[in-house]
Amino acid sequence: MHFLSMLLTKNKSRARFKSAIAQLGKIDILVNNAGITRDQLVMRMKRADWDSVLNTNLTSAYLCIQQAIGSMLKQRWGGSST
């Protein structure tokens, strides 16, 4: 059993997953476990904080799922947990 940890941006996601599959042969399970908070009233929240929360909590999970699903479909097995 191998575990990889990555927080991805759009530019890095494809390369990181290709490298992981090359090293491990396949991806069986994807766990999306990244999350941050910038608690603030909406009227006081800075746009940069809003973008940071969405990019970490939602976009990074989307990018990981998008890259892992191809491998899982080819092997006809796999799962994701968020």
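Treat the numbers as computed from the prediction; the structure is a model and nothing was measured. (Residues numbered from 1 in each chain as written. Predicted model: local features only at pLDDT ≥ 70, side-chain atom pairs only at ≥ 80, totals over all residues. Heavy atoms only, no water.)

### Considerations on the overall build of the protein
For step 1, the next point in the chain: Scanning the protein from N- to C-terminus turns up two helices and two strands.
For step 2, the next point in the chain: Element order for the protein, N to C, with α for helix and β for strand: α-β-α-β.
For step 3, the next point in the chain: Buried positions account for 21% of the 82 residues belonging to the protein.
For step 4, the next point in the chain: Put simply, of all contacts in the protein between residues at least 6 apart along the chain, 60% involve residues at least 24 apart.
For step 5, the next point in the chain: When the accessible surface of the protein is split by element, carbon and sulfur atoms take 55% of a total near 6600 Å². (Helix = DSSP H or I, 4+ residues; strand = E, 2+ residues; numbered from the N terminus. Buried < 20%, exposed > 50% of the residue type's maximum accessible area, 1.4 Å probe, protein only. Contact = heavy atoms within 4.5 Å. Areas by Shrake-Rupley, 256 points an atom, 1.4 Å probe, with all protein chains shown as cover.)

### Side note on the nonpolar core
Soluble, globular proteins show a tendency: their nonpolar side chains are buried together.
For step 1, the next point in the chain: Membership of the largest hydrophobic core is limited to six residues, which are Phe17, Ile27, Leu30, Cys64, Ala68 and Met72.
For step 2, the next point in the chain: Element by element, the count of residues in this core is highest for helix 2 (residues 47-75), at three residues. (Core = buried A, V, L, I, M, F, W, Y, C linked by side-chain atoms within 4.5 Å.)

### Side note on the confidence of the model for the protein
For step 1, the next point in the chain: Looking at the protein as a whole, the pLDDT averages 83, with 83% of positions reaching at least 70.
For step 2, the next point in the chain: When pLDDT is averaged over each helix and strand of the protein, the minimum, 66, is found for strand 2 (residues 79-81) and the maximum, 89, for helix 2. (pLDDT = per-residue confidence, 0-100.)

### A short note on the pattern of salt bridges
For step 1, the next point in the chain: Scanning the entire structure with this criterion turns up three salt bridges.
For step 2, the next point in the chain: Between Arg38 and Asp49 there is a salt bridge; the shortest N-O distance is 3.9 Å. Residue Arg38 is found in the loop between strand 1 (29-31) and helix 2, and its partner Asp49 is found in helix 2; the two are separated by 11 residues along the sequence.
For step 3, the next point in the chain: Take Asp49: its relative accessible area is 26%, and that puts it in the partly exposed class. (Salt bridge = Lys/Arg side-chain N within 4 Å of Asp/Glu carboxyl O.)

### Re helix 2
For step 1, the next point in the chain: Along its 29 residues, helix 2 runs 41 Å from first to last C-alpha, staying within 8% of the 42 Å computed at 1.5 Å per residue.
For step 2, the next point in the chain: By the largest-angle criterion, Asn55 marks the main kink of helix 2, which is about 40°.
For step 3, the next point in the chain: Along helix 2, the residues that are buried comprise Val53, Thr56, Ser60, Ala61, Leu63, Cys64, Gln67, Ala68, Ser71 and Met72.
For step 4, the next point in the chain: Immediately beyond the C-terminal end of helix 2, within one or two residues, lies Arg76, with a positive phi of roughly 60°. (Expected span 1.5 Å × (residues − 1). Bend = angle between axes of the 7 residues up to and from the residue.)

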